[in-house]
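Here is how the chains run, residue by residue.
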Amino acid sequence: MCFFLIFLILPSVSARDPALHSQYSTQVSILSAMELIWNLCEILFVEAAAAGPLLLRLLDWVRLHVCDVDNMVREVLSSENPSKHELFWNVVDVFVLQGRMDEARHLLAKEASANPTSVNMYKTLDDLMKKMPVPSLGNTQTLTEMELKWQHWHEECQRYLQDGTFASNSHMESICKILLGDEDAILEKKELLATWYQFLVTRLLYSHPTVKPMELRFYAQSSMDLFLGGESSPEPLDTILMAAFEFEMHQVIKECSIALSNWWFVAHLTDLLDHCKLLQSHNLYFGSNMREFLLLEYASGLFSHHSLWQLGVDYFDHCPEYGRVYLELHIERIPLNTEQKALKVLRICEQRQMHEQVRSICKIMAMKALRNNRLGSALSWSIRAKDAAFATLISDRFLKDYCERGCFSDLDLIDNLGPSMLLSDRLTFLGKYREFHRLYGEKRFSEAAKLLLMLMTAHIAPCSFWMTLLTDALPLLEQKEVIFSAEQTYELMRCLEDLTAGKSDKQKFQDDDVETMKVEMLRLALARNLARVIVKEGTLEGS
Amino acid sequence: AGGQTKTGGVIFVQDNRISIWSVGDLGNVGLNGEYQGEPQLLCDIRHNGDVMDMQFLDQERIVVASSTGTVTVFHHHQNNQTLSANQRWEKAHSHVDQDTSCGGAACTGVICNNPEIVTVGEDGRINLFRADQKDAVRTIDNADSSTLHAVTFLRTTEILTVNSIGQLKIWDLRQQRNEPSQIFSLTGDRVPLHCVDRHPNQQHVVATGGQDGMLSVWDIRQGTMPVSLLNAHEAEMWEVHFHPSNPDHLFTCSEDGSLWHWDTSTDVAEKPSFLHQGGRSTTYFSHNTINQSVVSAWLSNDPTKDRMEITNLIPNQTLSVNSLDILGPCLVYGTDAEAIYVNRQLFA
């Protein structure tokens, strides 16, 4: 997690907009706090630093995050004559408080060269600082060894102080007291410490460098009490840090949840702790564990964003119990303002075998297309979902248009259906019916006739359409040349009779004159055709 | 921009912008051609709706297609580094019957041949605009019953479109009738086609990319079916581009997060020279000089016979690569991970 970039935003923005600047400042401070907490959790929980390295980690932690004094330090160091700067001793104190011995000694050397009379004093202090024992990271010494060395060194400092070696220079005397871990001396530098946790670490450095993790809580509590001194009450950040020092992980999570306004930090922290197997499986009353609960909350929040929802998907993927269900619910509610977005959503569903959602989304898109009269688009969505029922719906729409207008709309679509024609019977019929019209238009009458008949006999055509088909057969029957063979004519007659027989008496009664006339005309045309074809087929040249 | 509520919900305000960046000099390149310095934001301007497509009309003007159906021409003022909206065609794409219509229609593609601009959209409409004219020069309503996904120029007076039922169509803008002059379609299922590009020198060679990630190469002089079908990506192919000055190279990008470089140059050792300025100009001049290979490598039926090298240019792919562009040795592409990548040494 890299927060450093945030600090680059501020300067460029502040020039333009003060309101924006203050908003960003708040965000920066929240992020800094998050980073502080996160790092501490890493040290105490994840790395679980043991006594010895623990102090070194805490020193790093403080140096990295407490930046209040950086400006001052920079100012003094970059001045022409640092030792003459009025804040010189403040900076030396800062270095000592943060355990930055080398830097402190470097500055002191400058001062020493400027004051040759007190050279001995400087040498002594420098020596003490150089010799200060610190816990080592490697296995070069045990804790007991270190403690012994440290005890000796502590006594040596004590001797020099009591001898009055530094009596003539109050600054150096106070530094020596700090080295001895004198709480009052340290507290005097309250402004330079800035926070109680810096105070805590300084205290530990100079009085209990081999502090054990479990002892931290006592020092933390007393440090906070001493530092705040009853003047101010702890802030949310202080409470969270205190919970961390007390190794109360759940408390840390709880306090963070309260203090922060979104789930981002808490979800990721809990996830990390869970992966380190540090959280007992705390079964919450609705069954999932804390990690999953927080991740679900966070990811759900992402789904309300117009582009971050894609990340939300990945989070749900990592929630074994309820992730799938949440994803199924959320993914259907993403606003699909463009087809491209719908395609992205569909791709996600298909990759996870969420067939229900694929069907549902395709149906929504197809319905929208249908309402906008984009029949080709509607068909395209049905093909994607392999939705035969919808394809049938679309075909019926086309056929309805044809019946009303007498011609086909969107021929570019129907003429080029290809294998997708097989998706639904109605669609197949539509394609074939259009083919019939094309054949007729190209005057390939016998082929057209064969196709027309096949549409009825093979039951590709819906019953409701048979009348239209038979009516389409009329011009073929009326041609000069005989087109339908005897066999075919008998078939047609049978179809017509099937159709009329199928109607109940009540329906026959309700049929208007046009209907009955059509039937009569058909019967007549069929009979005439039959007559002609029998003659034709009966004569010697007939085939 | 974002805001936060006390209950833990977050409200986001969509803030889409058109931005112009400077990626500095050639001198600052690292070992792998990665640009070492930071791209500089020169200027930006708010845009209403998602940017579906955009193209430079000339050195200073950019045409942008929006998900709201609006087409806008932006002017980049280089002297004071600002952007302004020069011309706007609201509802260039919309569904016809406003009473029953359900939502707007996005403008999905735009192509320019200064001063002409052609746009296509989800409403199946084709518009022909001129940059300086308020009204459209020509509109073909319901040119297609499905969504038109992309458009490109075939010749100065002819365009190519691809749609969501797998058809490639040629339209002759000189003719007054509202029918395509030719329709091509895929052999098998009517898989939607998302992108199209024409070979810069050999105008009969056209490449399209489909929803199944397949790359199809067509010879539009003959037949109505593609010449070769190449299995490429695992998801929608969003864009396909021939390299404008070295068309033996083709680039495709996809929803699966990959960007492929297709190389059919027969002599792999030969290095093209990119030292001349110009590259892809916006006027489509007809190239009378023919490439060394009389039969284009793209039209060969067996890609394994001729050496074709295919490389995925993205080592760690995550989210979709939505768009790419190439000019000379420079490749730019953008992803759903909110990142833009610039590769300045494509052929090194």
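Keep in mind the model is a prediction, meaning the values are calculated, not measured. (Residues numbered from 1 in each chain as written. Chains lettered and ligands numbered in written order. Predicted model: local features only at pLDDT ≥ 70, side-chain atom pairs only at ≥ 80, totals over all residues. Heavy atoms only, no water.)

Colleague: Just to check I follow, could you spell out the pattern of salt bridges for this structure?
Modeller: Any two side chains of opposite charge can pair, so long as their charged atoms come close to each other. Inspection of the entire model under this criterion finds 40 salt bridges over all chains. Among the salt bridges present, the one from Glu-236 of chain B reaches Arg-347 of chain A, with a minimum N-O distance of 3.0 Å. Placement of Glu-236 of chain B in the loop between β20 (228-230) and β21 (237-242) and of Arg-347 of chain A in helix α20 (residues 339-351) is noted, with the two residues assigned to different chains. You can call Glu-236 of chain B buried: its relative accessible area is 0%. Residue Arg-347 of chain A is classed as buried on the basis of its relative accessible area of 14%. A salt bridge links Asp-387 of chain A to Arg-359 of chain A, with the shortest nitrogen-to-oxygen separation between them at 3.7 Å. Here Arg-359 of chain A lies in helix α21 (residues 355-371) and Asp-387 of chain A lies in the loop between α22 (375-385) and α23 (388-405), a separation of 28 residues in the sequence. Residue class for Arg-359 of chain A comes out partly exposed when judged on its relative accessible area of 35%. Three or more residues joined by partner-sharing salt bridges are found here, namely Arg-347, Glu-350 and Arg-384 of chain A together with Glu-236 of chain B. (Salt bridge = Lys/Arg side-chain N within 4 Å of Asp/Glu carboxyl O. Helix = DSSP H or I, 4+ residues; strand = E, 2+ residues; numbered from the N terminus. Buried < 20%, exposed > 50% of the residue type's maximum accessible area, 1.4 Å probe, protein only.)

Colleague: Which parts of the structure should I look at to understand the pairing of strand β15 (residues 167-172) of chain B?
Modeller: Residues and elements named next belong to chain B. In terms of residue burial, β15 counts as a mostly covered element, since six of its six residues are buried. One ladder, built from five bridges, connects strand β14 (residues 158-163) with β15; its direction is antiparallel. Bridge pairing in β15 places Glu-158 opposite Asp-172. In this antiparallel pair of consecutive strands, β14 and β15, the connection spans three residues, and Gly-166 shows a positive phi of 70 degrees. (Pairing = 2+ DSSP bridges.)

Colleague: Where do I start with the packing of aromatic side chains in this structure?
Modeller: In this description, a pair of aromatic rings is defined by centroid distance and the angle of the planes. Residue and element names in this part refer to chain A. Tallied over the full model, the rule gives 24 aromatic pairs over all chains. Residues Trp-61 and Phe-245 carry aromatic rings whose centres are separated by 6.1 Å and whose planes lie at 80 degrees to one another, so their mutual orientation is edge-to-face. Residue Trp-61 is found in helix α3 (residues 53-65), and its partner Phe-245 is found in helix α14 (residues 236-245); the two are separated by 184 residues along the sequence. We note that Trp-61, like Phe-245, is buried. Ring geometry for Phe-436 and Tyr-440: centres 6.5 Å apart, planes at 50 degrees, overall tilted. One end of the pair is Phe-436 and the other is Tyr-440, both in helix α25 (residues 425-441) and four residues apart, which spans about a single turn. Classification of Phe-436 as buried rests on a relative accessible area of 2%. Taken together, Tyr-402, Phe-429, Tyr-433, Phe-436, Tyr-440, Phe-445 and Phe-465 form an aromatic cluster joined through their ring pairs. (Phe/Tyr/Trp six-rings, centres within 6.5 Å; stacked < 30°, edge-to-face > 60°.)

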